[in-house]
Each structure stands twice: as structure tokens, then as C-alpha cells.
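# Examining the three-dimensional arrangement
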Amino acid sequence: MTLATADSTAEILSNLNINAGDWPPNLLKNLHLLSPDQIELVKLLLEMGQSDLFLHWAEPGVEDDQKKAFFAQVAKLNSSYPGGLASYIKTARELLADSKAGKNPYDGFKPLVPTGEILFFGDDNFSKFEEAGVKEAQNAAFVLVAGGLGERLGYNGIKVALPAETTTGTCFLQLYIESILALQEASSRLTQGACQKEIPFVIMTSDDTHTRTLDLLESNSYFGMKPTQVKLLKQEKVACLNDNDATLALDPHNKYKIQTKPHGHGDVHSLLYSSGLLNIWHDTGLRWVLFFQDTNGLLFKAIPASLGVSATKQYHVNSLAVQRKAKEAIGGITRLTHSDGRSMVINVEYNQLDPLLRASGHPDGDVNCETGYSPFPGNINQLILELGPYIEELTKTGGAIKEFVNPKYKDASKTSFKSSTRLECMMQDYPKTLPPSARVGFTVMDTWLAYAPVKNNPEDAAKVPKGNPYHSATSGEMAIYRANSLILKKVGVQVDDPVQQVFNGQEVEVWPRVTWKPKWGLTFAEIKNKVSGSCSISQRSTLALKGRHIFLEDLSLDGALIIKSVNDAEVKVGGSIKNQGWLLESIDYKDTAIPEELRIRGFKINKIEQLEETYCEAGKFTLKP
């Protein structure tokens, strides 16, 4: 270090009243390059035992730009985490110590069956809650967590760009936006609102998905939603940890960069809190926030009734759930009570629930009750929160969610990791910090109606034991046709039974390929109102309804029928429609000449013949060949 540099370093330290006796020499040499704010960050890092970060710094004048980039990154990591880096490192040390000691986070807790509402599609109770939910929808905001790419599915795009089904090619994001718009319109009609209230829609993105999500929206005119209704919030990554002391990990290829990984979808709470949106919504009279994940094509069939349950039961937190078999590989919603008085209703992973029950006086663990299902319903990671209590809670926590750490240890001594780890958090763990007085419940729906996530690639799905859900693009698409067919059966349509077919090594039920725009049929009552007489659909048929006022009257369909209509056109469809239709053809998912979004399904649609009618003008029309 030159004398001038040494003097300036001494002067800096003296002015800031810092004793730098044990500071790394390489850092001291570079101190004169740093601003007062950057020196404060140095102080923070060293106080938290992170001197290793500076061990291999070059002399002043060498790689100075990279040193500045290092502090820009540290500043970002510090500001984007509730409580800053000091809080992150402190929490990490506690959780890593618990992990090494094999501490069970549920020690001392006793599992009890929580209270909630079990709904059965199409009965009077279901319809009552659906109507209440549609009325309440104009007082809701929707939040989609969409930070993930489709790599795990064998798809290189963002997951929300993937077609939910290939009959119409509607992608998940379009389906979600059109569902929210249909709710917005139906809510306004039910409450006779003079002017339609716009439902806010927030999408949480990540570095991986932000630009591509924006491009998808902009290139499709936001799928009919006003751009002002949509807000993108980007989550940042968190620092990786090298060891049980929570030493921050450097990027193996860059000694001036801290390695980072995603923190998990629990970040959505702190992002909403820091964005100021929650208070804006509260001030405009909104009452509910609905959180959902990126690839469940059935979700909006369950939302109106679930929102109706929240409003009727006045739940602060309502977890959407499905019936689950005992020991099924899906988390169970559980009330946990502790001898010290603590109590919470949360998702407990299936591999923790069974031993927890055995340890608290249930020798058989998780068993089915008289309904044939476990009394602990299956969590599907969709939440409805009441806005007022939500803001109150986040004001206390800053949006921080209880975290966990999952290090992969090299051996049984648990002293070193195979690779760096990080803290993670999950959106559905929000209730962990709530007081016992909080009203936390659940709404259980039929799985066929509410839950068909797309998260496994063809190879992984083909390995799933027979009888368990594949959760692939193949099963996700087939689940949409199944749900729509079962709904039509429920309103009196004679729908042929499905046939079993194998695509990408997965045996699935193939129902008629029935699809409709959300504005055609949002609720059971609405769909019932649009079907009359004696209607039938053969198994090989395809039906796509793309308009609001399309009525099926004595329709016999054996083939493909596609109807598009503008909002002011009323179309009555009946008679016997028969053509060669659209066929499903198997394809090889390894055939790279075929687009990825088709390969991951294992089939494509051969559109041989169809009756397709488009009604572009207002008026009343009849289609009866």
C-alpha cells in the first residue's frame, strides 16, 4: 500500500470511528475506492463474519469496476430482504444449527383436524357459495406467482405461456386473464353496478420470467385486460450459503459476485407489502386478495365458490384444498396446537404429517375416515386472504415469511455441504405467524374440478406409480376436458364415457374435447342456463364455445363444432351435427421436429373436418343443420 493510500485509508477509518485492526489487508488497500455507504456495507459484512469475501481481492487499480459491482450487488441483497443481510445471516445460522441437530419444527405440537367447508359441485350449497363469490369478486385482487420457467416440464419458455389445452391453444396466462375479466363482468351484473369495477391483477415474476411475461402480455394486448389493471412485481434472489456458519458463497466463476438462488414464492408477501399496493387496494374498498400458482388450468372453476365461503364464513385465511387419500403425496391442511398455547392452521407436508400423528397418540398415523378420505385435506397452494387483517399482519412482519433451509450434506457428520444452500420460503406458510384468534379455514373441492397442475416432464410422469396423478402437460390437458365433460353431464347433457389411451407412457382418460371461454360459463348456474332439451356429445367429439351468449338446445354432436360470437350476438345451436372431426394422434416426445409444447403432451390434434361458424354482428341467430 502506498503511503498516500495508507494515509487516506487511516483518515477514512478515523472519520468513521472504525477500528479496522482485524480487517482483511486486501480490503484495507482498496478502502479509498469506496463511498461511505459502501464502507457501511463492509462494516455490516465483517460484523456478520463474512471476511472471506475479501480474501482474494486484487490490488487497487486492478478490477476496480468489478469491486464496485460487488457492492452494487450487496446493496441490492441488503435492501431486498426484510431486515437486510444481517437478519438473513442470523436466521440462516439458527436454521442451519437446527438442521444439523435434526430438530423437528413441529416438536411439541399436536395435530388436530381443522375447521372448513367441504363442497360438492352442483348441489344447492355449492351454488349458494358460487353466487356469493361472484358478488364479492369485484372487491378482490388476484395475485399470480409466476417466477418459474418450464424447464422441469421439458419446455424452454415461461410456464404461463404454455397452452393449457391444444384444442384452442389458449395459454395459461390468457385463461387466467379471461377468467378474471369474466368474474369482473359477472360481479358487476349481479350487483347491478352502474360502472364495472376493474379487478387488479398482480403477477410476481423473477429475473428468469420478467421480460418474457411482459412480452407475452404486450404482444397479445394483455389478452383483453386494460394494461393499467396489471402490475408486475419482480422478486430478487437471495445469497447462497457455503457452510453451517452461513458464510456467503462466492460465484465459482467470479470472486466479486455472491452466488444467488431463488428464495421461493413466499416472497410475494414482502413484495406486495413494499409495493404499497395493499394500502391502495384497501383505500379503494377492496376486501380480498387471491393468490394462485402458474399452471393449474382448473383453478378458476373453484374460485367463485371458495370466495363465497370466505365472505360467508368471514375467514381471514381460506386455503383451497382437495380431498386426499391418507398418506397421499400432497401436503395436508392441519391445525397444530402446542402445550404453550400456540396454535396455527397450516400445510404440513405428507411425510411429516404421518409421523406427527403417530407421535401424538394415533398409532396408525394418517388414515382415511368414514368418507374414504383423510380428514386432513390436500393443500393446493391457492389462498384467499382478507385484506384488512392481512395488512395488519404484514405491518408487524414486514412481509417476512417463516423460512426453512434444506442443505444437502456431504456425509452423516453434517459439517459440510455438497453444494451451496440458501433460505427458502413458501407463500402458503403465511398463517404461521398469525395469532390464535385469526379465523383460518379451508374450502375442499372435488379434485376433478379444482386441481390439475402441470409440473412434471414426460419421463418423470411416466415413472409415477399407477393410480397416482401424473401432473404433466398430458394429464393437465385431459383434466380440462374431463372437468368440462363432467360439468355438462351435471347439467343434463348425455356425454359418452371416456376411452383409455397412452401418451408419453401415461395412461389417461380421453373425454370429448370440450372447451369454452370463461365468459360462456363461469358458474354452474350460468352453464345450466345455457343448456336445454336433450343434448348429447360423442366421445370422439370436439366442442369449442367462444362467445358469451351461445345456447345449446337439443344438440347431438358427433364430430367437431367451433362457434365464435361477439358479445351482442345470441346464438342457438341444435340439431344433429356430424362430421369427421378432429383426431388425437400420438407423437414421439423425442422428435425435435415437433414443437416442444406438443411433444411434452405426446399427442397432436389432426383437424380433419369441423363445422365452424363465426358471428361478428349483434343479433339473434340459429345454427341448426
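Just above sits the structure.
Computed from a predicted structure; not experimentally measured. (Residues numbered from 1 in each chain as written. Predicted model: local features only at pLDDT ≥ 70, side-chain atom pairs only at ≥ 80, totals over all residues. Heavy atoms only, no water.)

Quick look at empty space enclosed by the protein now. Counted by the stated rule, this structure contains 4 cavities of 30 Å³ or more. The calculated volume of the largest cavity comes to roughly 70 Å³. Taken together, Arg 335, Ser 343, Met 344, Val 345, Pro 431, Leu 434, Pro 435, Pro 436, Ala 438 and Val 440 make up the full set of residues lining the largest cavity. Ranked by residues supplied to the lining of the largest cavity, first place goes to strand E13 (residues 343-348) with 3 residues. Within the lining of the largest cavity, the residues separate by chemical class into 8 nonpolar, 1 polar and 1 charged. Considering only enclosed or pocket space, the second largest cavity measures out at about 50 Å³ in volume. In terms of lining residues, the second largest cavity is bounded by Ser 319, Ile 333, Val 345, Ile 346, Asn 347, Asn 379, Leu 383, Gln 428 and Pro 431. For the lining of the second largest cavity, the secondary structure elements donating two or more residues are E13 and strand E14 (378-386). The leading source of residues in the lining of the second largest cavity is E13, at 3 residues. Its residues assigned to classes, the lining of the second largest cavity shows 5 nonpolar, 4 polar and no charged. (1 Å grid on protein atoms, 1.4 Å probe; cavity = no way out; pocket = protein on both sides within 12 Å on 5 of 7 lines; lining within 4 Å. Points joined across faces, edges and corners; volume = space filled by probe spheres on them. Helix = DSSP H or I, 4+ residues; strand = E, 2+ residues; numbered from the N terminus. Nonpolar A, V, L, I, M, F, W, Y, C, P; charged D, E, K, R; others polar.)

Before going further, it helps to examine the nonpolar core. Ranked by internal contacts, the top residues of the largest apolar core, which has 112 residues, are Phe 142, Leu 173, Phe 201, Leu 488 and Val 573. Here this core gets 10 residues from one element, more than from any other, and that element is helix H7 (residues 172-190). When near neighbours in sequence (up to four residues on either side) are disregarded, Leu 173 contacts Leu 144, Val 160, Phe 201, Ile 203, Leu 216, Leu 217 and Phe 223. Grouped together as the second largest cluster of nonpolar side chains are 37 residues, Ala 58, Leu 77, Leu 241 and Leu 248 included. (Core = buried A, V, L, I, M, F, W, Y, C linked by side-chain atoms within 4.5 Å. Buried < 20%, exposed > 50% of the residue type's maximum accessible area, 1.4 Å probe, protein only. Contact = heavy atoms within 4.5 Å.)

All right, on to the sheet that holds strand E26 (residues 560-565) then. Spatially, the 4 strands line up as an open sheet ordered E21-E24-E26-E30, and their pairing is parallel. Each end of this open sheet is capped by a strand with a single partner; those strands are strand E21 (513-516) and strand E30 (611-615). Neighbouring strand axes in the sheet, compared pairwise and without regard to direction, differ in orientation by 5° on average. Across the sheet, helix H16 (residues 473-490) lies against E21 and strand E24 (542-546), angled at about 80° from E21, the strand it touches most. (Pairing = 2+ DSSP bridges. Axes fitted to C-alpha atoms, helices over the stretch in contact; angles between N-to-C directions.)

Another aspect to go through is the pattern of salt bridges. Overall, the coordinates contain 30 salt bridges when judged by the stated rule. Where Lys 517 meets Glu 178, a salt bridge forms, and the shortest distance between an N and an O atom there is 3.0 Å. With Lys 517 in the loop between E21 and helix H17 (524-528) and Glu 178 in helix H7, the pair connects residues that are 339 residues apart, well separated along the chain. A network of salt bridges, in which partner residues are shared, links Lys 76, Asp 207, Lys 234 and Glu 236. (Salt bridge = Lys/Arg side-chain N within 4 Å of Asp/Glu carboxyl O.)

With that out of the way, let us pick up the layout of surface pockets. What the second largest pocket holds in volume is close to 430 Å³. Lining the second largest pocket are 29 residues, with Leu 175, Lys 301, Trp 516, Lys 517 and Pro 518 positioned closest to its centre. For the lining of the second largest pocket, the secondary-structure elements that each account for two or more residues are H7, helix H11 (299-313), H16, E21, H17 and E24. Here the lining of the second largest pocket takes 4 residues from H7, the largest share from any one element. Among the residues forming the lining of the second largest pocket, the class breakdown is 15 nonpolar, 8 polar and 6 charged.

Turning our eyes to something else, we now look at helix H6 (residues 124-136). Compared with the 18 Å implied by 1.5 Å per residue over 13 residues, the 18 Å span of H6 between its first and last C-alpha is a close match. Considered for burial, the residues of H6 that qualify are Phe 126, Phe 129, Glu 130, Gly 133, Val 134 and Glu 136. The buried residues of H6 occupy one face: seen down the axis, they fall within an arc of 160°. (Expected span 1.5 Å × (residues − 1). Arc of directions from axis to C-beta.)

Moving on to the packing of aromatic side chains. One pass over the structure, following the stated rule, counts 24 aromatic pairs. For the pair Phe 142 and Phe 292, a centre-to-centre distance of 6.4 Å together with 75° between the ring planes defines the contact as edge-to-face. With Phe 142 in strand E3 (residues 140-145) and Phe 292 in strand E10 (residues 288-293), this residue pair connects regions lying 150 residues apart in the sequence. Judged on exposure class, the residue Phe 142 and its partner Phe 292 are both buried. (Phe/Tyr/Trp six-rings, centres within 6.5 Å; stacked < 30°, edge-to-face > 60°.)

What follows is about the environment of Asp 340. In this structure, Asp 340 sits in the loop between strand E12 (332-338) and E13. Within polar-contact distance, the side chain of Asp 340 engages the side chain of His 338 at 3.0 Å. Reaching out from Asp 340, the side chain makes a polar contact with the side chain of Arg 342 at a distance of 2.9 Å. (Polar contact = N/O pair within 3.5 Å; in protein donor to acceptor, adjacent residues only side chain to side chain.)

A few words on the pairing of strand E8 (residues 254-258). Relative to E8, strand E7 (residues 250-251) is paired through 2 bridges, and the arrangement is antiparallel. When the sheet's bridge partners are listed, Asp 251 is paired in E8 with Asn 254. Where E7 hands over to E8, the hairpin turn is made up of 2 residues, counted between the paired strands.

Let's shift gears to the packing of H6 against H7. Helix-helix packing is characterised by the crossing angle of the two axes and by the distance between the axes. One can describe the packing of H6 onto H7 by two numbers: an axis separation of 7 Å at closest approach and a directional angle of 100°. Comparing the axis directions of H6 and H7 gives the class roughly perpendicular. In this structure, H6 uses Glu 131, Val 134, Lys 135 and Glu 136 to contact H7, whose residues at the interface are Leu 183, Ala 186, Ser 187 and Leu 190. In terms of residue class, the contact of H6 with H7 is built from 4 nonpolar, 1 polar and 3 charged. (Parallel < 35°, antiparallel > 145°, perpendicular 65-115°, else oblique.)

Right, let's talk about the side chain of Asn 456 for a bit. Its place among the elements puts Asn 456 in the loop between helix H14 (447-450) and helix H15 (458-462). A distance of 3.1 Å separates a polar side-chain atom of Asn 456 from the backbone oxygen of Tyr 470. In this structure, Asn 456 is in contact with Arg 152, Leu 153, Ala 461, Tyr 470, His 471, Ser 472 and Ala 473, ignoring residues within four places of it in sequence.

Next up on the list: the pairing of E14. Most of E14 is tucked away, with 9 of its 9 residues classed as buried. By the alternation rule, side chains of E14 split into Gly 378, Ile 380, Gln 382, Ile 384 and Glu 386 and Asn 379, Asn 381, Leu 383 and Leu 385, which are all buried. Sheet analysis places strand E11 (residues 317-322) next to E14, joined by 6 bridges and oriented antiparallel. Looking at the pairing, Leu 320 lines up with Gln 382 of E14.

In this model, helix H5 (residues 84-100) (17 residues) spans 24 Å end to end at C-alpha, consistent with the 24 Å of a helix rising 1.5 Å per residue. What H5 keeps buried is the set Gly 84, Leu 85, Tyr 88, Ile 89, Ala 92, Leu 96 and Ser 99. Around the axis of H5, the buried residues are gathered within 145° of arc, so they sit on the same side. Among the structural elements, helix H3 (36-47), helix H4 (64-79), strand E6 (238-239), strand E15 (403-405) and strand E16 (423-425) are those in contact with the buried residues of H5. Two residues or fewer after H5 comes Gly 102, characterised by a positive phi angle close to 70°.

Turning to its location among the elements, Gln 293 is positioned in strand E10. In this structure the C-alpha to C-alpha distance between Gln 293 and Asn 504, which are 211 residues apart in sequence, comes to 25 Å. For Gln 293, the contacting residues outside a window of four places in its chain are Leu 144, Val 145, Tyr 176, His 265, Asn 381, Gln 382 and Met 427.

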